[in-house]
Amino acid sequence: MPIQSVNDFVVRFANVNGSGSASANELFARAVLRMGVPVAPRNIFPSNIQGLPTWYEVRISQAGYLGARGGTDLMVAMNPQTWDKDVAGIEPGGYLLYDSTKPMPKSKFRDDITVIGVPLTAICNREYTDPRQRQLFKNIIYVGALSALLDMDVGEIEKLIAEQYKGKERLFDANKHALHLGRDWVMMNMEHPIGLRLQRANAVGDRIFIEGNSAAALGAVYGGATVCAWYPITPSSSLAEAFTRHCNRLRVDTASKQNKFAIVQAEDELASIGIVIGAGWNGARAFTATSGPGISLMQEFLGLAYFAEIPAVVFDVQRAGPSTGMPTRTQQTDIISCAYASHGDTKHVLLFPEDPAETFEFGAIAFDLADRLQTPVFVMMDLDIGMNHRLCRPLAWDDSRKYDRGKVMTAAALEAGKDFGRYLDVDGDGIPYRTYPGTHSTKGSFFTRGTSRDRYARYTEEGPAYADNMQRLLRKFETAKDLVPRPIQANSEKPTKYGVIYFGSTSPAMDEAIQVLEANGQHLDRLRVRAFPFHSSVMSFIAEHDFIFVVEQNRDAQLRSLIVNECGIDPVRLVPILHYDGTPITARFIARAIGEHLDALKVTPLRKVVS
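Residues numbered from 1 in each chain as written. Predicted model: local features only at pLDDT ≥ 70, side-chain atom pairs only at ≥ 80, totals over all residues. Heavy atoms only, no water.

Visitor: Please clarify how helix α17 (residues 507–519) should be interpreted in this entry.
Guide: One turn of an α-helix holds 3.6 residues; hence residues three or four places apart share an orientation. Given a rise of 1.5 Å per residue, 13 residues ought to cover 18 Å, and the 19 Å separating the end C-alpha atoms of α17 matches this to within 8%. Buried within α17 we find S507, P508, A509, M510, E512, A513, I514 and L517. On its buried side, α17 packs onto β4 (53–61), β16 (389–392), β18 (498–502), β19 (525–528), β21 (547–552) and α20 (587–601). Following α17 by one or two positions, G521 adopts a phi angle in the positive range, close to 80°. (Helix = DSSP H or I, 4+ residues; strand = E, 2+ residues; numbered from the N terminus. Expected span 1.5 Å × (residues − 1). Buried < 20%, exposed > 50% of the residue type's maximum accessible area, 1.4 Å probe, protein only. Contact = heavy atoms within 4.5 Å.)

Following this line, the structure appears as structure tokens:
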């Protein structure tokens, strides 16, 4: 039977990269949102410029599920290259919309789906003579067809087109005409709407629709960042570009019209992190945005910042590796490389935001932490968060909030004769005082080096002095445990001896998977880790349960390894649930994988044999 559903289904567009389809597909997603129905779009695109397959998936869920679900209810198949795979991915009872200008053999369809043919190419050829217009308007025409098939409010689509082409009436009229070409053809030639329908709702509330990279960049602005040094790399480039836009709007002096920021596109990743460290040493708040390959190149400089204790912030928008890997696919693969970046004994602070709202908050917090701890801080995003639009709570900022600049020795304190040792721990928290360059004409100076030194920054390779310094750095890392964002725990309604730990972009899929598992009578307590070093509550959560599932998007169970290494946990008690094909993890995958493990853990007692 054809699927019947209102405001709860998945639409997937299969296109060719470079065909101009992305803007039309986003237009569809935004129109659904304007009808008051939550959406979660995901753009799945190749790393070449043009010609390879690309997909755009729109999860429509009035219940508010924002994670990838898995499966497709309506496939808009516009790419012959991927036809067989796209048709195979449709749910039984689902729908297939395709260009029926040329006949297709029956063998190319499935008996358990509803096939909807619209002669898109024929309509374009009749209306347009320019080849580029035919290509571009074909995308708008199928959006018009969808508006009729799904019973959408076409007025919302028209409003969005008007906003996009404000002041360009000719382009607005042309796109509106193409929209109605598709809509009118369906209304005159087909039964409509289909079993999948959209109805106006009020389920969006006050949430906003924003990309994670843009939110993170805005967090950097509010967090006081004035210096950005970066080298283009997918999927982080749009973060630096967004920071530029935000600074041009918010960080230009109104009187002098001078920029109150510095943005440098460096010659490579090594130069970019070097600039950030130099700016941090001088007292500026500085950051770079990069991905896995950039992290690999920055290792030695990151070790310098750790050992010389210089604040720096790194936004790592993770992608699939190793090497070039899959540059436009999402993963959580840089956990270990960032946690222990550089050679020797190093440990770095990592923050794990779950959505754009937290990328904004953590993007700002990162600069306070970097100054407070005098060390590099990593904001561990990924492509699924960074490059996709997501509904999230409104970004909030307290205007009375003051930046935490940490322990900075002032000229007055130096003049009063306060003892200053750049690497002297006077409070027992492992964090020394520092001075900004030029603080005092004769006091407070020190030599910054990457080699071993004593508490007063004097060069030495004496073993005890080196060990003393390394032990102090470890105390500082312990101090960080109570400064970073704490984990968020949610317990099952029924007592259970099983728990699950997860982080980052896995969160929305996990929320849905938990409900699926509970519906099957399988209950879990859950803990969302938001930072490394791990707060003591992580160890407590593990101790309270017999087995813990650790869900992550990489092959080698990197978060699990970090927990085992840092918390001394028996690895047998931590069951890895791993997803690493480059697509966002789905609620179906999590529920199935955990459900199978829980079923296997059930032990049926032997019944007494009656003689």
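Visitor: For this particular structure, what's the right way to read the packing of helix α4 (residues 131–149) against helix α6 (residues 169–189)?
Guide: Each pair of packed helices can be summarised by the angle the axes make with each other and by the distance between the axes. For the pair α4 and α6, the least separation of the axes is 7 Å and the interaxial angle reads 45°. Relative to α6, the element α4 is oriented oblique. Viewed along their axes, α4 and α6 form a crossing whose handedness is right-handed. In contact with F137, I140, I141, V143, G144, A145, S147, A148 and L149 of α4, α6 contributes A174, N175, A178, L179, L181, G182, R183, V186 and M187. (Axes fitted to C-alpha atoms, helices over the stretch in contact; angles between N-to-C directions. Parallel < 35°, antiparallel > 145°, perpendicular 65-115°, else oblique. Left-handed = near helix turned anticlockwise from the far one by under 90°.)

Visitor: Got a minute to help me understand the nonpolar core in this structure?
Guide: Core analysis: the biggest nonpolar cluster contains 58 residues, and F13, F28, I60, L150 and M152 have the highest contact counts within it. Setting aside its immediate chain neighbours within four residues, I60 contacts N7, D8, F9, V11, F28, V32, V37, P38, V39 and L198. (Core = buried A, V, L, I, M, F, W, Y, C linked by side-chain atoms within 4.5 Å.)

Visitor: Help me out: how do you make sense of the side chain of H579 in this one?
Guide: For H579, the location among the structural elements is in the loop between β22 (574–578) and α20. Residue classification places H579 among the buried residues on the basis of a relative accessible area of 8%. At 3.4 Å, the side chain of H579 and the backbone oxygen of T583 are in polar contact. (Polar contact = N/O pair within 3.5 Å; in protein donor to acceptor, adjacent residues only side chain to side chain.)

Visitor: When you look at the sheet that holds strand β15 (residues 376–382) in this model, what are you seeing that I'm missing?
Guide: Sheets are built from strands that pair by backbone hydrogen bonding, the pairs being arranged parallel or antiparallel. Within the open sheet, the seven strands sit side by side as β11-β10-β12-β13-β15-β14-β20. Their pairing is mixed. Each edge of the sheet is formed by a strand with only one pairing partner; in this case those strands are β11 (262–265) and β20 (531–532). Bridging between strand β12 (residues 286–290) and strand β13 (residues 312–318) involves four bridges; their strand directions are parallel. Bridging from a neighbouring strand, T290 pairs with D316 of β13. (Pairing = 2+ DSSP bridges.)

Visitor: It is not clear to me how the packing of aromatic side chains should be interpreted in this structure. Could you clarify?
Guide: Think of a pair of aromatic rings as described by two things: how far the centres are apart, and how the planes are tilted against each other in angle. Scanning the entire structure with this criterion turns up 17 aromatic pairs. When the centroid spacing of 6.2 Å and the interplanar angle of 55° are considered together, the rings of F420 and F446 count as tilted. With F420 in the loop between α15 (411–415) and α16 (463–480) and F446 in the loop between α15 and α16, this pair connects stretches of sequence that are 26 residues apart. Among the aromatic side chains, those forming a connected cluster through ring pairs are F13, F28, Y56 and Y142. The lysine or arginine in question, K418, covers the ring of Y433, its NZ or CZ lying 5.2 Å from the ring centre. (Phe/Tyr/Trp six-rings, centres within 6.5 Å; stacked < 30°, edge-to-face > 60°. Lys NZ or Arg CZ within 6 Å of the ring centre and 35° of its normal.)

Visitor: What am I meant to see in the sheet that holds β22 here?
Guide: Strand order in the open sheet formed by five strands is β17-β19-β18-β21-β22, and the pairing between neighbours is mixed. At either end of the open sheet lies a strand with only one pairing partner, and these are β17 (488–490) and β22. Averaged over all pairs of adjacent strands, the angle between their axes in this sheet comes to 20°, without regard to strand direction. The sheet contacts of helix α18 (residues 536–543) involve β17, β18, β19, β21 and β22, and relative to β19 the element is tilted by about 160°. The sheet strands contacting helix α19 (residues 558–567) are β18, β21 and β22, and the helix crosses β21 at an angle near 135°.

Visitor: For this particular structure, what's the right way to read the pairing of β19?
Guide: Two faces, one strand: in a regular strand the side chains alternate between the faces of the sheet. Neither face of β19 is open: one carries D525 and L527, the other R526 and R528, and all of them are buried. Summarising the sheet, β17 and β19 pair through three bridges and their orientation is antiparallel. Note on β19: the bridge partner recorded for Q489 is L527. Note: β18 against β19, four bridges, orientation parallel. Residue V500 lies in a different strand from β19, and its bridge partner there is R526. In this fold, the crossover linking β18 to β19 by way of α17 has right-handed handedness. (Right-handed = clockwise from strand over helix to strand, strands pointing away.)

Visitor: In this structure, what is going on with helix α1 (residues 21–34)? I would like to understand it.
Guide: Helix length check: α1 (14 residues) gives 20 Å between terminal C-alpha atoms against 20 Å at 1.5 Å per residue, within 8%. Of the residues making up α1, those classed as buried are S21, A24, N25, L27, F28, A29, A31, V32 and L33.

Visitor: I keep staring at the pattern of salt bridges and nothing clicks. Help me out?
Guide: Between side chains of opposite charge, a pair can form as their charged atoms come close. Tallied over the full model, the rule gives 35 salt bridges. A salt bridge links E358 to R528; the shortest N-O distance between them is 3.0 Å. Here E358 is found in helix α13 (residues 356–373), whereas its partner R528 is found in strand β19, with 170 residues between them in sequence. One salt bridge in this structure joins D371 and R434, with 3.1 Å as the shortest N-O distance. Of this pair, D371 sits in helix α13 while R434 is found in the loop between α15 and α16, placing the two residues 63 residues apart along the sequence. Assessed through its relative accessible area of 2%, D371 is described here as buried. Taking relative accessible area as the criterion, R434 reaches 4% and is therefore assigned buried. (Salt bridge = Lys/Arg side-chain N within 4 Å of Asp/Glu carboxyl O.)

Visitor: I would appreciate a short explanation of the packing of helix α5 (residues 154–164) against α6 in the present structure.
Guide: Contact geometry of α5 with α6 gives a least axis separation of 9 Å together with a crossing angle of 155°. It follows from the interaxial angle that α5 and α6 lie roughly antiparallel. Where α5 crosses over α6, the handedness of that crossing is right-handed. Contacts between α5 and α6 involve V154, I157, E158, I161 and A162 from the former and F172, N175, K176, L179, H180 and R183 from the latter. Within the contact of α5 with α6, the residues separate by chemical class into six nonpolar, two polar and three charged. (Nonpolar A, V, L, I, M, F, W, Y, C, P; charged D, E, K, R; others polar.)

Visitor: How should unusual backbone geometry be read in this particular structure?
Guide: Note: most peptide bonds trans; most residues except glycine with negative phi. Note the cis peptide between H192 and P193, where omega equals -5°. The residue P193 is located in the loop between α6 and β8 (196–197) in this model. The omega torsion across F532 and P533 is 15°, close enough to zero to call that bond cis. Summarising the element assignment, P533 is placed in the loop between β20 and α18. Although it is not a glycine, A457 sits at a positive phi angle of roughly 65°.

Visitor: Looking at this structure, I do not really get a nonpolar patch on the surface. What am I missing?
Guide: Where nonpolar side chains cluster on the molecular surface, the patch consists of L270, L297 and F301 and spans about 240 Å² of accessible area. Along the chain, F301 falls in helix α11 (residues 299–308). The partly exposed category is assigned to F301, whose relative accessible area is 33%. (Patch = residues over 30% accessible without salt bridge, like charges linked within 9 Å, V, L, I, M, F, W, Y side chains within 5 Å. Areas by Shrake-Rupley, 256 points an atom, 1.4 Å probe, with all protein chains shown as cover.)

Visitor: What exactly am I supposed to notice about the state of the cysteines here?
Guide: Covalently bonding the sulfur atom of one cysteine to the sulfur atom of another cysteine gives a disulfide. By the definition in use, this model includes zero disulfides. You can see C228 has no disulfide; the closest cysteine sulfur is in C247, sitting 8.1 Å from it. Considering cysteine sulfurs only, C338 is the nearest to C567, which forms no disulfide, with 19 Å between them. By relative accessible area, which is 12% here, C567 ends up buried. (Disulfide = S-S within 2.5 Å.)

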